[in-house]
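Close look at the chain arrangement
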Amino acid sequence: RRKVDSEGRRFQDRWKVEYFFTEIENHCVCLICQETVAVYKEFNVKRHYQSRHSTYDKLTGHDRSEKLKQLEAVLIECVMKMVENICPEKKQEFANICLARNTVARRIEEISSDIKRQLTSKGVDFDFFSIACDESTDLSDTAQLLIFYGVDDEMNMTEELLDLQSLTDQTRGKDLFVSVSSAIDDMKLPWNKVTGIITDGAPAMVGERSGLSTLICNKVIEEGGKAIKLHCIIHQQVLCAKHLKYDHVMKPVLKTINFIRSKALCHRQFKQFLLDIQAEYEDVLYHNDVRWLSRGSALQRFYSLRKEIGEFLETKGQPMRELSDPIWLADLGFLVDITKHLNVLNTSLQGKDAAVNQLYSHLKAFGTKLQLFIRQLSQTQPNTIHFSALQEIMNSFPQDNISAQTSRYAADIASLAGEFKRRFQDFAAIEKEISLFSSPFSVDPDDAPDQLQLELIELHCDSELRSRHQQLSLVNFYRQLDKSRFQEIRTLAKKMLSLFGSTYMCEKTFSAMNFNKNRVRTRLSDSHLRDILRIKT
C-alpha cells in the first residue's frame, strides 16, 4: 500500500485563492465549510471545492481576494469565540496566530521596504554621505557586497545599510563599481555629495587604476564633487600587528595547543589535569588568524598556563624544551605584552558611529606609546613597567642576562612603529582637516584653507564659543554654531562627521549574515537575506 507521508506533499499557497483552503496545524482546511482534506493533494482539494462550493467561481480578481480575507477573518472570529469558552487565559496567544504560511517572510519584506522608503525620503535632505564597502562569500559560494553609507543630517551621524548586492560572476573593481552605482542611483542619492569611500585592502577595492575606490572617486569628480579614499583603520592595524612575526615563539606555542586540543582523549585529560590542580583557567585557546584578537588571547592563556602545560606534556612523554629556556620565555613574555597593547588598540577602534577624528586620536596615542616603550627598553637599566609578562620572566631568572635582550625588543618596536607610519599614510594625508575639525581653537588661521581663515579668526576671538567648545561635545558645539556666520566651518564639520573610519559595520553585518544564512539555511534567497540584514542594522 502506498504511503502518502513519504511523497513529501506540501500545502500550496495558490490553493488559498483558487479553492479557498488554508493550512492550520498541518491540516488542509476549507475556509468556507471548515472541513479538512486528509491528504495534501490538489486533486482532493479541487474535488472538494468543485463539488461543494462551485458557486464561488463567479468571483475573480480583486473580489476573490477580498472574499478570501473575509473568510479568514470569520475563521479567526470562530476560533476566538471557542477559545473564550474553553480556555480564556489563552486568548491572546490564539489572537497572535496567523493563517498564512509565509507571514513572517512577508512581514520582514514589508518592514525592510518601509525602512528603505524612509531612507530614500531622507536622502534628499542629506548634506553629505560616505560609503563603506566590503565583500565576502556566503555558504552558497555567492559573493555578497555590503554597502553602508554614513550620512550627516544636521550634524546627526547615522550608519545605514544602503544595499546588499549579490555577485554571481567575477568580483573585479568594475563589477563592484556597477553594483555600488546601482545601489546609489536606486536610492536617488547625488554623487556630488559623496565625501569618501572606505574599503578593506583587497586589490579589487583599492587598485590604483581600476579599483572600486578609484572608480568611485573619478565618478564623484565628474559630478562636481571630491571624495577621499581610505583603507579601513582596523584592517591596517591588524596588518601592522602581523609585522611582529616571532615565528620561533608562535610555532611551538601553536604546535603545543594543537597537540592538546586536536585529540579528544588528550584534551579531556588536560582539562581534568587543570581541574585537579585548581589552575587559574580551564583550557587553552585555539588561535584563529582571521579573528582580530585571537593571537593575543591565545598567547595570554598559554603564558598563564605555561607551568601546567609543561607538567602535562612531561606526563605524555612530549616535553616542551622551550619552557626551560629563559631567552625563549622572555621572547614569549614580550610577545604576550606587545600583543596585549595591540589588542587594546584594536578594541578601542571598534564600535558603531565612531567619528574619524576619534579613531585617528587612538592611533596617534598608540604611536606615542610605542615611542615611550622604545625609550624605556633602550635604557642601560631597562624599564619594563608596561611589560608585565617580560618583567615576571626577568625576575624569575635573575642570573641570566635577559636584560640584554631588551635592546632587541626596542628595535622590534621601532620596526613596528615604522610599519604603522607607512601603512596609515591615507589618514596622515587628512590630518590637518582632522585637527581643524577636532581642535579648531588650536589651529593657526594662517595654516587653515583660505575659505576657512576669516571664519576661524572670528571663532578664535569669541570667548563664549571657546567656553562652549570646552563644555559641550564636539557634535553639539558645531550644531550650535551660527549657520550664516560659520558656514564654511560647519560644512567642514559635516564632511568630517560623514566619513567612515573603518568597515566595522560591514564586518559586524557579515557575522549576522553567516548567522542567518548558515549550513541549514543555505537556500535563503538573496532578497530575503538583504531584508533581514537591513532590519538587523
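Fair warning: this is a prediction, and the values are worked out from it, not measured in the lab. Within every chain, residues take consecutive numbers counted from 1 along the sequence as written. The predicted nature of this model means local features are confined to residues of pLDDT at least 70 and side-chain atom pairs, given and counted, to a pLDDT of 80 or more, with totals for whole chains, interfaces and linings taken over all residues. Think of the side-chain values as coming from all heavy atoms in the structure, minus any hydrogens and water.

1. Observations concerning the packing of aromatic side chains
The condition that has to hold: A pair of Phe, Tyr and Trp rings is counted when the ring centres sit within 6.5 Å of each other, with Trp represented by its six-membered ring. The angle between the planes then sorts it: under 30 degrees is stacked, over 60 is edge-to-face, the rest tilted. Strands here are runs of E lasting at least two residues and helices are runs of H or I lasting at least four, both read from the DSSP assignment and numbered beginning at the N terminus. Categorising residues by exposure relies on relative accessible area from a 1.4 Å probe, with only protein chains included: less than 20% of the type maximum marks a residue as buried, more than 50% marks it as exposed, and the intermediate range marks it as partly exposed. As a reminder, the over-ring test applies to NZ of lysine and CZ of arginine, requiring each to be within 6 Å of the ring centre and within 35 degrees of the ring normal.
Within this structure, the stated rule accounts for 19 aromatic pairs. For the pair Tyr246 and Phe334, a centre-to-centre distance of 5.7 Å together with 40° between the ring planes defines the contact as tilted. Note that Tyr246 is positioned in the loop between helix 9 (233-241) and helix 10 (247-262) and Phe334 in helix 14 (residues 326-349), a separation of 88 residues in sequence. The same class applies to Tyr246 as to Phe334, namely buried. Between Phe270 and Phe312, the ring centres sit 5.1 Å apart and the planes meet at 70°, which makes this aromatic pair edge-to-face. One end of the pair, Phe270, is in helix 11 (residues 264-276); the other, Phe312, is in helix 13 (residues 306-315), and 42 residues separate them in sequence. By relative accessible area, Phe270 is classed as buried at 0%. A residue is classified by how much of its surface remains accessible, and Phe312, at 4% relative accessible area, is buried. Three or more aromatic residues joined by ring pairs form one cluster here, namely Tyr246, Phe334, Phe373, Phe387 and Tyr409. Lying across the ring of Tyr303, Arg306 places its NZ or CZ 4.1 Å from the centre.

2. Concerning the UniProt feature "domain: SPIN-DOC-like zinc-finger" (unreviewed entry) in the protein chain
Spelled out, the test is: UniProt positions are given in the numbering used here, feature names are shortened, and annotations may be inferred rather than shown by experiment.
The residues that UniProt annotates with the feature "domain: SPIN-DOC-like zinc-finger" (unreviewed entry) are residues 12-70. Secondary structure within residues 12-70 divides into 46% helix and 17% strand; the distance between the first and last C-alpha atoms comes to 20 Å.

3. Observations concerning the pattern of salt bridges
The criterion, for reference: By convention in these notes, a salt bridge is any Lys or Arg side-chain nitrogen within 4 Å of a carboxyl oxygen on Asp or Glu.
Applying the stated criterion across every chain yields a total of 21 salt bridges. The residue Glu223 makes a salt bridge to Lys219 at a minimum N-O spacing of 3.6 Å. On the accessibility criterion, Glu223 (39% relative accessible area) is partly exposed. A relative accessible area of 24% places Lys219 in the partly exposed class. In this structure, Glu431 and Lys364 form a salt bridge, with 3.0 Å as the shortest nitrogen-oxygen distance.

4. Focus on unusual backbone geometry
Non-glycine residue Lys188 carries a positive phi angle of around 60°. Its place among the elements puts Lys188 in the loop between helix 6 (173-186) and strand 7 (194-199). By relative accessible area, Lys188 is classed as exposed at 63%. Although it is not a glycine, Gln278 adopts a positive phi angle of roughly 55°. On the secondary structure map, Gln278 appears in the loop between helix 11 and helix 12 (294-304).

5. As for the sheet that holds strand 1 (residues 21-24)
Backbone-to-backbone hydrogen bonds join strands into a sheet, with any given pair of strands oriented parallel or antiparallel. Threshold: In this description, strands pair whenever DSSP reports at least two bridges between them.
Taken together, 3 strands build an open sheet; the order of strands is 1-2-3 and the sheet is antiparallel. The strands lining the two open edges of the sheet, one partner per strand, are strand 1 and strand 3 (36-37). Bridge count for strand 2 (residues 27-30) against strand 3 is 2 bridges, and the pairing is antiparallel. Its bridge partner being in strand 3, Val29 is matched across the sheet by Thr36.

6. Notes on the layout of surface pockets
Rule in force here: With a 1 Å grid laid over protein atoms only, a set of points is called a cavity when a 1.4 Å probe fits there but cannot get out and a pocket when it is open yet has protein on both sides within 12 Å along at least five of seven lines; lining residues have an atom within 4 Å of a point. Grid points are joined across faces, edges and corners, and a volume is the space filled by probe spheres set on the points. Residue type decides the class: Asp, Glu, Lys and Arg count as charged, Ala, Val, Leu, Ile, Met, Phe, Trp, Tyr, Cys and Pro as nonpolar, and the leftover types, Gly among them, as polar. What counts as a domain boundary in this text is fixed by an automatic or database domain assignment.
In this structure, the second largest pocket encloses a volume near 510 Å³. Around the second largest pocket, the lining comprises 22 residues; the ones closest to its centre are Lys226, Ile228, Glu433, Leu492 and Lys495. Secondary-structure elements contributing two or more residues to the lining of the second largest pocket are strand 7, helix 19 (431-438), helix 20 (450-460) and helix 23 (487-498). Here the lining of the second largest pocket gets 5 residues from one element, more than from any other, and that element is helix 23. Looking at side-chain class alone, the lining of the second largest pocket contains 12 nonpolar, 5 polar and 5 charged residues. Both domains that meet at the lining of the second largest pocket, namely domain 2 (105-231 + 507-536) and domain 4 (443-497), each give it at least three residues.

7. Structural notes on the environment of Asp163
Our working rule: Pairs of N or O atoms are called polar contacts if they sit within 3.5 Å, as long as, within protein, a hydrogen donor faces a hydrogen acceptor (for residues adjacent in sequence, only side-chain-to-side-chain pairs).
Checked against the element boundaries, Asp163 lands in strand 6 (residues 157-167). With relative accessibility at 11%, the residue Asp163 sits in the buried group. Counting along the chain gives 230 residues from Asp163 to Ile393, while the straight-line C-alpha distance between them is 52 Å. Within polar-contact distance, the side chain of Asp163 engages the side chain of Gln165 at 2.7 Å.

8. Concerning empty space enclosed by the protein
Inspection of every chain in the model, using the stated rule, returns 2 cavities of 30 Å³ or more. The space that makes up the largest cavity amounts to roughly 70 Å³. In terms of lining, the largest cavity is formed by Glu159, Leu349, Gly351, Lys352, Asp353, Ala354, Leu359, Phe500, Gly501, Ser502, Tyr504 and Met505. When the residues that make up the lining of the largest cavity are grouped by side-chain class, the tally is 6 nonpolar, 3 polar and 3 charged. If you add up the space inside the second largest cavity, you get close to 40 Å³. Along the walls of the second largest cavity sit Leu436, Pro440, Leu452, Leu456, Tyr478, Ile489 and Leu492, which together make up its complete lining. Residue assignment for the lining of the second largest cavity shows that the elements contributing at least two residues are helix 20 and helix 23. Of the residues that constitute the lining of the second largest cavity, the class distribution is 7 nonpolar, no polar and no charged.

9. Regarding the nonpolar core
We apply this condition: Side-chain atoms within 4.5 Å link the members of a nonpolar core, which is a set of buried Ala, Val, Leu, Ile, Met, Phe, Trp, Tyr and Cys residues.
Within the largest apolar cluster, 103 residues are counted, with the highest numbers of intra-cluster contacts made by Leu332 and Phe420. Membership of the second largest hydrophobic core comes to 27 residues, among which are Ile147, Met187, Val194 and Leu212.

10. Observations concerning the state of the cysteines
Our working rule: Only a pair of cysteine sulfur atoms within 2.5 Å counts as a disulfide in this structure description.
According to the stated counting rule, one finds 0 disulfides in the structure shown. Cysteine Cys217 shares no disulfide, and the gap to the nearest cysteine sulfur, in Cys133, comes to 11 Å.

11. Quick notes on helix 6
Rules: Multiplying 1.5 Å by the helix residue count minus one yields the expected span of that helix.
Between its first and last C-alpha, helix 6 extends 20 Å over 14 residues, near the 20 Å set by a 1.5 Å rise per residue. Within the sequence span of helix 6, burial applies to Gly173, Asp175, Leu176, Phe177, Ser179, Val180, Ser181, Ala183 and Ile184. Phi turns positive one or two residues past the end of helix 6, at Lys188, with a value near 60°.

12. Quick look at the packing of helix 15 (residues 356-377) against helix 19
To keep it simple, the criterion reads: A fitted line through C-alpha atoms serves as each axis, taken over the contacting stretch for helices, and the angle formed by two N-to-C directions is quoted from 0 to 180°. Angle categories are assigned with fixed cut-offs, so that under 35 degrees is roughly parallel, over 145 is roughly antiparallel, 65 to 115 is roughly perpendicular, and the rest are oblique. Handedness of each helix crossing follows the sense of rotation of the near helix against the far helix: counterclockwise by less than a right angle gives left-handed, clockwise gives right-handed. Contacts: residue pairs with any heavy atoms within 4.5 Å of one another.
One can describe the packing of helix 15 onto helix 19 by two numbers: an axis separation of 10 Å at closest approach and a directional angle of 110°. Between helix 15 and helix 19, the crossing angle belongs to the class labelled roughly perpendicular. For the crossing formed where helix 15 meets helix 19, the hand is left-handed. Contacts from Val356, Asn357, Tyr360 and Lys364 of helix 15 reach helix 19 at Glu431, Ile434, Phe437 and Ser438. Its residues assigned to classes, the contact of helix 15 with helix 19 shows 4 nonpolar, 2 polar and 2 charged.

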